[in-house]
Protein chains: 2
Amino acid sequence: MVGVWKGRFFRLEEHLKRFERAWKALKMSPSIDLPSIRQVLFECVRRSGLREAYVEMIVTRGVPQAGSRDPRTYDNCFYAYAIPYVWIQSIEKQKKGGHLIIARDTIRIPESSVDPTVKNFHWADLTRGLLEAYDRGGEYVVLPNQKGCLTEGPGFNVFTVYRNELWTPPSGVLEGITRKTVIELARNEGISTRVEDLSIELARSSDEIFATSTAGGVMPMTVLDGISIGKGLPGRLTQLLHKRYWEAHEDDRFSSKVDYN
Amino acid sequence: MVGVWKGRFFRLEEHLKRFERAWKALKMSPSIDLPSIRQVLFECVRRSGLREAYVEMIVTRGVPQAGSRDPRTYDNCFYAYAIPYVWIQSIEKQKKGGHLIIARDTIRIPESSVDPTVKNFHWADLTRGLLEAYDRGGEYVVLPNQKGCLTEGPGFNVFTVYRNELWTPPSGVLEGITRKTVIELARNEGISTRVEDLSIELARSSDEIFATSTAGGVMPMTVLDGISIGKGLPGRLTQLLHKRYWEAHEDDRFSSKVDYN
């Protein structure tokens with residue numbers, strides 16, 4: 001999905017490029033090209049009239065012939081829609097921060113089984129983790145991998161701040177556009193940024209934690225497995241990156257205006 | 001799904017029991033009880049008039065409220081249908097046997113991520129494996145696990161015959177009703193049966209290989225990764241178990257008659 005904020009698509013070209021790469025990786029081919037998809041997305045938003053929108057684009061494998069299980073023979077389908085902007089974490093909640101749980105009972109599906117850089121809603125592991133998080137009194141979940149390092153949550157990437165450096169996992173996760181934006185903004189601010197394996201131990205010792213998603217932006221996490229992170233409030237770097245992230249939405253370099261007429 | 005053969009459900013009570021266990025494991029609860037589901041399935045078959053049917057029963061998580069991603073709040077749904085019997089391997093093809101590929105590029109999603117004993121169509125790994133199998137000239141795929149042992153294919157379990165013993169993996173796979181039936185029938189015939197880790201090496205040295213599924217029964221595989229297995233024809237034990245499997249469909253202990261009037 002891609003976000004529209006104040007009537008402008010945010011980093012649409014990057015979303016489209018990732019989308020095309022994803023359907024090719026799955027050996028699918030919708031009967032529509034990228035420029036036409038771009039047009040459809042603008043038209044969805046224009047017709048909805050929404051100034052703040054969650055715009056979804058999906059390619060499905062399609063429906064098999066009766067009895068056939070050969071995915072090469074299906075007619076792949078494309079669909080798209082615009083709905084009001086979705087917040088994984090509400091604006092109100094962002095002031096306080098969320099309660100993040102590191103799953104104990106579920107590891108993230110490994111890359112050797114399913115490629116997480118190909119965005120998908122194949123979420124049985126993430127849903128199982130989320131149910132565990134609710135059972136344990138949390139609100140959000142991040143799944144570790146087999147090495148005991150953090151990967152990602154349902155629909156978001158994870159960052160921590162440890163000794164004034166920003167950390168986020170390098171692989172086994174979606175290459176989120178918000179994640180990429182935050183890395184660029186941090187480097188722009190002169191914040192040392194390490195895209196490296198992020199162990200559970202390092203996360204527990206961190207001063208700040210936040211999640212990133214197109215559906216919510218930069219989302220502070222202030223409690224980890226029942227224990228306050230730092231002072232239990234959104235940290236300094238989290239707040240700075242939150243501010244810069246939303247500022248970027250009005251920057252012509254990153255956003256494309258919708259013509260509603 | 002459950003099969004109907006010559007107007008009789010095969011091992012319906014076991015399918016229903018597994019179905020209930022599965023939705024509970026996923027913390028779902030359809031607003032219908034097991035005896036009513038049983039009735040719906042009989043009614044689907046009766047109305048279709050089909051004597052040989054593929055009868056599907058599904059519980060879905062359901063549709064979220066706009067913006068919510070809390071799976072606990074969804075209304076879970078139940079649906080069922082009967083369609084003509086589906087053959088993963090046609091009767092004609094069963095005389096010759098299929099070409100099975102052991103995936104090189106994809107491992108089965110581990111149990112620590114998603115429980116394979118909870119039947120599901122969360123098949124991104126299996127579909128990726130199947131596409132690899134087609135690329136390599138095969139027709140069917142089985143995915144290994146991280147230890148280099150066989151797991152299962154898309155919708156089927158795998159057996160091999162090695163030195164007159166029957167082998168099938170003990171875990172990391174669906175506990176298929178056809179798998180269970182074949183194990184029982186084999187033990188009944190005095191065939192030594194080992195439900196143990198089945199390494200790729202052992203599979204390559206095997207004299208016979210077959211797959212099992214409600215959608216096709218006992219399905220001989222006579223070529224493995226381009227190389228003939230044994231004499232390149234369905235083996236002796238495979239044929240014996242194939243015969244006994246279909247005989248069991250007319251046995252009152254295993255099957256329940258549909259009243260079509």
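1. Thoughts on the interface of chain B and chain A
Tallying the contact residues gives 36 residues for chain B and 36 residues for chain A. Carbon and sulfur atoms supply 55% of the area buried between chain B and chain A, which totals about 2,700 Å² over both sides. Along the contact surface separating chain B from chain A lie two salt bridges. Of the charged contacts, one joins A:Lys27 and B:Asp135 as a salt bridge, the two residues approaching to 2.5 Å between their closest N and O atoms. Seen at the junction of chain B and chain A, the total is 20 residue pairs in polar contact (both at pLDDT 80 or more). Top contributing element to the side of chain B that touches chain A by residue count: helix H4 (residues 124-135) of chain B, with eight residues. Considered class by class, the residues forming the side of chain B that touches chain A number 16 nonpolar, eight polar and 12 charged.

2. Structural notes on the sheet that holds strand S3 (residues 53-60) of chain A
Residue and element names in this part refer to chain A. Ordered in space as S4-S3-S1-S2-S13, the five strands form an open sheet in which the pairing is antiparallel. Strands at the two margins of the open sheet, each flanked by one partner only, are strand S4 (77-84) and strand S13 (255-257). Between one strand and the next, the sheet's axes are offset by a mean angle of 25 degrees, whatever the strand orientation. Where strand S1 (residues 2-5) and S3 come together, three bridges link them in antiparallel fashion. Opposite Gly3, over in S3, you have Tyr54 as the bridge partner. Across the sheet, helix H1 (residues 12-25) is in contact with S1, strand S2 (8-10), S3, S4 and S13; its angle to S3 comes to roughly 20 degrees.

3. Things to note about the domain arrangement of chain A
Residue and element names in this part refer to chain A. Segmentation of chain A into domains returns domain 1 (2-86) and domain 2 (91-248). Centre-to-centre separation of domain 1 and domain 2, based on C-alpha positions: 25 Å. Opposite the 17 residues of domain 1 that make contact, domain 2 presents 18 residues. Surface buried jointly by domain 1 and domain 2 totals about 1,400 Å² across both partners, of which 59% is contributed by carbon and sulfur atoms. When residues of domain 1 are sorted by the area they lose upon contact with domain 2, Phe10, Arg11 and Arg18 head the list and together hold 38% of the total. Across the domain 1-domain 2 interface, the total number found is two salt bridges. A salt bridge links Lys180 to Glu14; its shortest N-O distance comes to 2.6 Å. Inspection of the domain 1/domain 2 interface yields seven residue pairs in polar contact (both at pLDDT 80 or more). Contributing elements (two or more residues each) for the side of domain 1 that touches domain 2: S1, H1 and S3. Take the side of domain 1 that touches domain 2: its biggest share by element is six residues, from H1. A breakdown of the residues in the side of domain 1 that touches domain 2 according to their chemical character gives 10 nonpolar, two polar and five charged.

4. Thoughts on the side chain of A:Gln94
Assignment of secondary structure puts A:Gln94 in helix H3 (residues 91-96). Within the structure, A:Gln94 has its side chain in polar contact with the backbone oxygen of A:Gln89 (distance 3.0 Å).

5. Notes on the relation of the copies chain B and chain A
You can overlay chain B on chain A at an RMSD of 0.0 Å; the transform is a turn of 180 degrees with a shift of 0.0 Å along its axis. Accordingly, the operation relating the two chain copies is best matched by a two-fold axis.

6. Concerning the side chain of B:His122
Within the secondary structure, B:His122 is located in the loop between strand S5 (98-102) and H4. A relative accessible area of 13% means that B:His122 is categorised as buried. Reaching out from B:His122, the side chain makes a polar contact with the side chain of A:His122 at a distance of 3.2 Å. At 3.0 Å, the side chain of B:His122 and the backbone nitrogen of A:Ala124 are in polar contact. When neighbours within four sequence positions are excluded, B:His122 is seen to be in contact with A:Ile109, A:His122, A:Trp123, A:Ala124, B:Ile109 and B:Val114.

Calculation rules
Residues numbered from 1 in each chain as written. Chains lettered and ligands numbered in written order. Predicted model: local features only at pLDDT ≥ 70, side-chain atom pairs only at ≥ 80, totals over all residues. Heavy atoms only, no water. Contact = heavy atoms within 4.5 Å. Buried area = accessible area lost by both parts, 1.4 Å probe. Salt bridge = Lys/Arg side-chain N within 4 Å of Asp/Glu carboxyl O. Polar contact = N/O pair within 3.5 Å; in protein donor to acceptor, adjacent residues only side chain to side chain. Helix = DSSP H or I, 4+ residues; strand = E, 2+ residues; numbered from the N terminus. Nonpolar A, V, L, I, M, F, W, Y, C, P; charged D, E, K, R; others polar. Pairing = 2+ DSSP bridges. Axes fitted to C-alpha atoms, helices over the stretch in contact; angles between N-to-C directions. Domains from an automatic or database assignment. Least-squares fit on C-alpha atoms with pLDDT ≥ 70 in both. Buried < 20%, exposed > 50% of the residue type's maximum accessible area, 1.4 Å probe, protein only.

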